[in-house]
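# Fold and geometry: a report
Residue-level listing of the chains:
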Amino acid sequence: MDRIFIFDIDGTLTPSRLMMTKEFAKFFDKWSSKNKYYLVTGSDLDKTKEQLPTAYMDRAEAIFTCCGNQMWRDNESIYDNKFKVPRKLNKLLGTIMSNSQYPHRYGNHIEDRGSMVNFSIVGRDCTQEQREEYFEWDKQSLEREIIANAIKEKFPDLDAVLGGQISIDIYPKGHDKSQIFKHITDNIIKKIHPDIYNVDTEFIFVGDRTEKGGNDYPLAELMDNTEICDWYHTKGWEHTKEILESLID
């Protein structure tokens, strides 16, 4: 049976917001030269380039950024789902940030990526150590989960999901990572690369935020309910390596 893989990036192929490790790159260099795969991330393209070696981006059949709202192939934009952030949402996010009990702010809290908005109490300009501090605090307080639920209650037409360690991804309902599967099967494989697809082709998704409320959950749920599809929750790049090694024929 042929397999086509779909990978989240941050926390799956790389440590959170860091470059792919040398150990994993050594493994993935050999693996990626023999397998077909797609990449999907909540980050934009520039941040993705900061984490992945160019060779592994080039080998991907396509890259979906901003939770699948942007698609890139050969460094060219294929589509871009525009999203204008509502003024009331900006106001709400400002109020939430002011009311948060977390004591530190480091800048870049509301990042408009054109097709979605990324919100972080601690701020994306924090250092790796500050990121880890907030992540541990959030595990106990569940602040991001509470904020995401409040956003969805206030804006029923929007979705808010946990992304990475410190932020929340916000976009129109349905414009989540699950949308990429139709693009892959209908618009890429069957039309452009029919040679790599047959009725027995198995699709495998690997992501770290596959729990309900995480930004990988919609795609994992879709795979769970689609024939000849499977998905794996990973605890990090080391675990991803173990998963892929277990699937080597």
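Now for a quick tour of the structure. (Residues numbered from 1 in each chain as written. Predicted model: local features only at pLDDT ≥ 70, side-chain atom pairs only at ≥ 80, totals over all residues. Heavy atoms only, no water.)

This part takes up the packing of aromatic side chains. Under the definition given, this model contains 17 aromatic pairs. When the ring of Phe181 is compared with that of Phe203, the centres are 5.1 Å apart and the planes differ by 80°; the resulting orientation is edge-to-face. Of the two residues, Phe181 is situated in helix α7 (residues 179–189) and Phe203 in strand β10 (residues 202–207); the sequence distance between them amounts to 22 residues. We classify Phe181 as buried; its relative accessible area is 10%. Phe203 gets classed as buried once you look at its relative accessible area, which sits at 4%. Three or more aromatic residues joined by ring pairs make a cluster, and in this case those are Phe5, Phe7, Phe24, Phe27, Phe28, Trp31, Tyr37, Tyr56 and Trp237. Note that Lys241 overlies the ring of Phe27, its terminal NZ or CZ placed 5.5 Å from the centroid. (Phe/Tyr/Trp six-rings, centres within 6.5 Å; stacked < 30°, edge-to-face > 60°. Helix = DSSP H or I, 4+ residues; strand = E, 2+ residues; numbered from the N terminus. Buried < 20%, exposed > 50% of the residue type's maximum accessible area, 1.4 Å probe, protein only. Lys NZ or Arg CZ within 6 Å of the ring centre and 35° of its normal.)

This part takes up the packing of helix α4 (residues 87–99) against helix α6 (residues 143–154). For the pair α4 and α6, the least separation of the axes is 12 Å and the interaxial angle reads 150°. One element, α4, and the other, α6, form an angle in the roughly antiparallel class. Helix-helix and strand crossings are classified by hand; for α4 and α6 the assignment is right-handed. Residue-level contacts link Leu89, Leu92, Leu93 and Ile96 of α4 to Ile147, Ile151 and Lys154 of α6. (Axes fitted to C-alpha atoms, helices over the stretch in contact; angles between N-to-C directions. Parallel < 35°, antiparallel > 145°, perpendicular 65-115°, else oblique. Left-handed = near helix turned anticlockwise from the far one by under 90°. Contact = heavy atoms within 4.5 Å.)

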